[in-house]
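# Overview (structure and organization)
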Amino acid sequence: MQAILKSVDRPVLIAFGFIIVLLLAGSLYSQNFLSPEYLLQQLKIASFLGIIASGAMLVILLGHIDLSIPWVVTVGGMMSTAAGGWWGPTGEALALPFGMACGLVFGLVNGLGIAYLRIPSMIFTLGINAVAQGLMVLHTGGFAPQDHATQFMHWLAVESTVFGIPNAAFVWLIVGILIVFMLRRTPLGRYIYAFGNRESATYLSGVNTRAVLIACFALSGMLSAMAGVLLAGYSNKSFQAMGDPYLLPAIAAVVLGGTNILGGRGTYLGTVAGVILIVLLQSILAVMQMQEAFRQMIYGVVIVAMLLVYGRGAKVHG
Amino acid sequence: MTGLRLWLARSYGLLLSIVVFIVMFALYFGNFSTDDPAAVILSAANTGVLLALVAMAQTVPVLTAGLDLSVGMIFIMTNCIASALVVGTPLQVVAGTVAVILSGCAAGFVNGAIVVWGRLQPIIATLATSAIYIGIALLIRPVPGGDVDGDLADFMTGQVFEVVPVGLIFLVVVVLFIWVPFRMSVLGRGCYAAGSAEGAAYMSGVDIARSKFAAYVLSGLFAGLAGLMQTFNTYTGEASAPSGGLYTLNSIAAVVIGGTSLFGGSGGVVGSIFGAFVLRTIVSLLFVFDMPPLWQPLFQGVVLLLAVSLGAARVLRIRNRLELFS
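These numbers were taken from a predicted model, which means no experiment stands behind them.

## As for the overall build of chain A
The helix and strand inventory of chain A stands at 14 helices and two strands. For 318 residues, the compact-globule estimate of 2.2 N^0.38 gives 20 Å, and chain A sits close to it at 20 Å. A principal-axis box enclosing the C-alpha atoms of chain A has dimensions of 60 × 55 × 40 Å. Residues classed as buried in chain A amount to 52% of the 318 residues present. Considering only contacts within chain A whose residues lie at least 6 apart along the sequence, 78% involve residues at least 24 apart.

## Some remarks on the overall build of chain B
Looking only at helices and strands, one finds 15 helices and two strands in chain B. The C-alpha atoms of chain B give 20 Å as radius of gyration, which agrees with the globular expectation for 326 residues (20 Å, within 12%). Dimensions of chain B, computed from the C-alpha atoms along their principal axes, are close to 60 × 50 × 40 Å. Out of the 326 residues belonging to chain B, those deemed buried represent 52%. Contacts in chain B between residues far apart in sequence, at least 24 positions, make up 78% of those at least 6 positions apart.

## Thoughts on the packing of helix α3 (residues 37-63) of chain B against helix α11 (residues 208-234) of chain B
Residues and elements named next belong to chain B. Relative orientation of the contacting elements α3 and α11 amounts to 170 degrees, with a least axis distance of 8 Å. In terms of axis orientation, α3 runs roughly antiparallel to α11. Contact with α3, carried on its side by Asn46, Val49, Leu50, Leu53, Val54, Met56, Ala57, Val60, Pro61 and Leu63, involves Ala215, Tyr216, Leu218, Ser219, Phe222, Ala223, Leu225, Ala226, Met229, Gln230 and Asn233 of α11 and no other residues of that element. Of the residues in the contact of α3 with α11, the class split is 17 nonpolar, four polar and no charged.

## Some remarks on the nonpolar core
The nonpolar side chains of a soluble globular protein tend to be buried, and buried together. By size, the foremost hydrophobic cluster in this structure holds 211 residues, and its most contacted members are Leu49, Ile52, Leu230 and Ala250 of chain A together with Leu53, Val54 and Ala253 of chain B. The element contributing the most residues to this core is helix α11 (residues 209-234) of chain A, with 18 residues. Residue contacts for alanine 253 of chain B: discarding those within four places in its chain leaves Ile123 and Leu126 of chain A together with Leu279, Leu304 and Val308 of chain B.

## A short note on the packing of helix α3 (residues 36-61) of chain A against helix α13 (residues 268-287) of chain A
Residues and elements named next belong to chain A. Viewed as axis vectors pointing N to C, α3 and α13 meet at an angle of 135 degrees, and their least axial separation amounts to 9 Å. Between α3 and α13, the crossing angle belongs to the class labelled oblique. You can see that α3 and α13 cross each other, and the crossing is right-handed. Between α3, through Gln42, Ile45, Ala46, Leu49, Gly50, Ala53, Ser54 and Met57, and α13, the contact on the second element is made entirely by Thr271, Val272, Gly274, Val275, Ile276, Ile278, Val279, Leu280 and Ser283.

## Overview of the interface of chain A and chain B
Contact with chain A, which involves 45 residues of that partner, is made by 47 residues of chain B. Those elements that provide at least two residues to the side of chain A that touches chain B are α6 (121-143), α10 (199-204), α12 (247-256) and α14 (292-310) of chain A. The element contributing the most residues to the side of chain A that touches chain B is α6 of chain A, with 15 residues. Here the side of chain A that touches chain B is built from residues that sort into 30 nonpolar, 11 polar and four charged.

## Describing the confidence of the model for chain A
Per-residue pLDDT for chain A has a mean of 86; in total, 95% of the residues score no lower than 70. The lowest-confidence element of chain A is helix α1 (residues 2-7) of chain A, averaging 63 in pLDDT; the highest-confidence one is α11 of chain A, averaging 94.

## Re unusual backbone geometry
Phi is positive for asparagine 236 of chain A, close to 65 degrees, though the residue is something other than glycine. Mapped onto the fold, asparagine 236 of chain A is located in the loop between α11 and α12. Non-glycine residue tyrosine 235 of chain B carries a positive phi angle of around 65 degrees. If you trace the backbone, tyrosine 235 of chain B turns up in the loop between α11 and α12 (241-257). Looking at tyrosine 235 of chain B, the number of C-beta atoms within 10 Å reads 16, which means it is partly exposed.

## Regarding the environment of alanine 241 of chain B
Residue and element names in this part refer to chain B. Here alanine 241 is to be found in helix α12. Classification of alanine 241 as buried rests on a count of 20 C-beta atoms within 10 Å. Along the backbone, alanine 241 and glycine 72 are 169 residues apart, and their C-alpha atoms lie at a distance of 8.6 Å.

## Concerning helix α2 (residues 12-30) of chain B
Residues and elements named next belong to chain B. In a regular helix each residue adds 1.5 Å, so 19 residues correspond to 27 Å; α2 covers 27 Å between its end C-alpha atoms and thus fits that length. Residues Gly13, Leu14, Leu16, Ser17, Ile18, Phe21 and Tyr28 constitute the buried set of α2. For α2, the secondary structure elements touched by its buried residues are α12 and α13 (269-288).

## Observations regarding helix α9 (residues 187-197) of chain A
All of the buried residues in α9 of chain A are Tyr191, Ile192, Ala194, Phe195 and Gly196 of chain A. Residues of α9 of chain A that are buried make contact with α3, α8 (167-185), α10 and α11 of chain A.

## Describing the environment of tyrosine 192 of chain B
Residue and element names in this part refer to chain B. If you trace the backbone, tyrosine 192 turns up in helix α9 (residues 186-196). Sequence-wise, tyrosine 192 and asparagine 79 are 113 residues apart; in three dimensions their C-alpha atoms are separated by 30 Å. Leaving out residues up to four positions away in the same chain, tyrosine 192 has contacts with Leu63 and Gly265.

## Things to note about the confidence of the model for chain B
With 96% of its residues at a pLDDT of 70 or more, chain B shows a mean pLDDT of 85. Across the predicted assembly, pTM comes out at 0.86 and ipTM at 0.82.

Scoring rules and cut-offs
Residues numbered from 1 in each chain as written. Chains lettered and ligands numbered in written order. Predicted model: local features only at pLDDT ≥ 70, side-chain atom pairs only at ≥ 80, totals over all residues. Helix = DSSP H or I, 4+ residues; strand = E, 2+ residues; numbered from the N terminus. Rg over C-alpha atoms; globule rule 2.2 N^0.38 Å. Buried ≥ 20, exposed ≤ 12 C-beta atoms within 10 Å, placed from the backbone. Contact = placed C-beta atoms within 7 Å. Axes fitted to C-alpha atoms, helices over the stretch in contact; angles between N-to-C directions. Parallel < 35°, antiparallel > 145°, perpendicular 65-115°, else oblique. Nonpolar A, V, L, I, M, F, W, Y, C, P; charged D, E, K, R; others polar. Core = buried A, V, L, I, M, F, W, Y, C linked by C-beta atoms within 7 Å. Left-handed = near helix turned anticlockwise from the far one by under 90°. pLDDT = per-residue confidence, 0-100. Expected span 1.5 Å × (residues − 1).

Next up, the structure:
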């Protein structure tokens, strides 16, 4: 038991503690809050954020940040629905991989720009976000592309098959397993943590740091687009700015899960905890039917308060 | 001579942004057929001043190697507060204006407190506080509305001698009487010191905590002034979160275009002002050249990307790859 406790970070434990507190607080407010149906519904919603946060976490582990998430999510959604309109049944079959591939391209461009031009990721991904937005406006404006999700996308995002567990949660599970495997069992995973701790030392140790950086941004783009495909399936259509509400929660989830925003430290379990935390918080605030104004304020205050409990940096000492 | 060369090397970004702005504005002005050139300049100045003030607000925390993702929301919040308070008798108008500026400072104070005393990373702390500020804005203005003193608004968005926009004069006054004294003060120097080497600054006895605190409060002050100007421009308050987010993102771009390093320690608000003007002129240029509306967002994005990529010229001069990591 102690060994298990030791292997888990303190921030992760506290984050799970907060989850239990939130669940109890929610159950005081509404009987339905602890019902399996409601929790499974929350899990479905959490899956979309979870997939985006997985990519965001990889980038944050490097000490970088990906601000192109909103419109890369939208690219994923729009391209996957448009594929069916362009290539008929073949396109529908390829909707998911095609959407992800488009996200991958944006991620690759992010990575290349940051690795070779050495432009701070915060500003370069911002620019790519604007370019992605421009391309999507152009895409919807001129040609009235197909925006209906395919049946498979709808099935993947909305339906449940095994024990009522939503399919989307299984997608998140697969993504999670792959990422944990990559971080813990492959050289790339080691390089990511090393890069986040000190890039120059990693480079001097013979690691191709540019490749590591490009890989992380490419994965982040691909995962954002994948979540976009699922979101399009969830609402049965793709639309502009569909990814806008996901940037801040994704970053907040990663940081609440104990990942250091300066890079080098963090576990995937923490990110899972952070995602569940954010989704539960949002859903409690929604259930309470509070004014939007108070919802926003409480959301902000709670995040600051949680971070003050365990996310504080070290004091400056020379 | 070496002094001049040092100054040139340090102000490279600032000078570049000024040149780019002049070229772009000349293009814009030259292709705009109008009988009333002063009106064109006035409307360009009024939209430019708003982003310039928000970009100034972004610059100060960036100089300390921080970041303020809440400037856009402070801007929106003070806009809403101004639409409720800056109206009525002259005394009420004055009191309201002071209250708006103080509320901007208060928002900056909260950011500073969380960053300095709470020791949270600025990027995530201000991300969270921006939710609080947009909440306050929504509380005041659930739907767009409100009013502002008409005479004051018309004066602040008008011209003196029918040529010079008051907004630009206001901007110059803010720079000369708020930024320059701050830059010269111990606090201002502390901001630059904390941004370029926090540990070394600490060991040299610089009061880092106080400097960072001042940086965030000053940031809130600038954002508050921007909110005030926004109210003078629109006569209403609107709690629009997308608009706030856009201002935040554009402010970061303006700071970078203006030659301030996102790693802190070098740059200044004057560059950011020109960075903001460059960004605003891009939008105006698209109108002048009859760019199809559908292509505008893409063109804007590409220009933004190219503008921030100018900073990459540094990479070409580097001989030893290790220098890249510094």
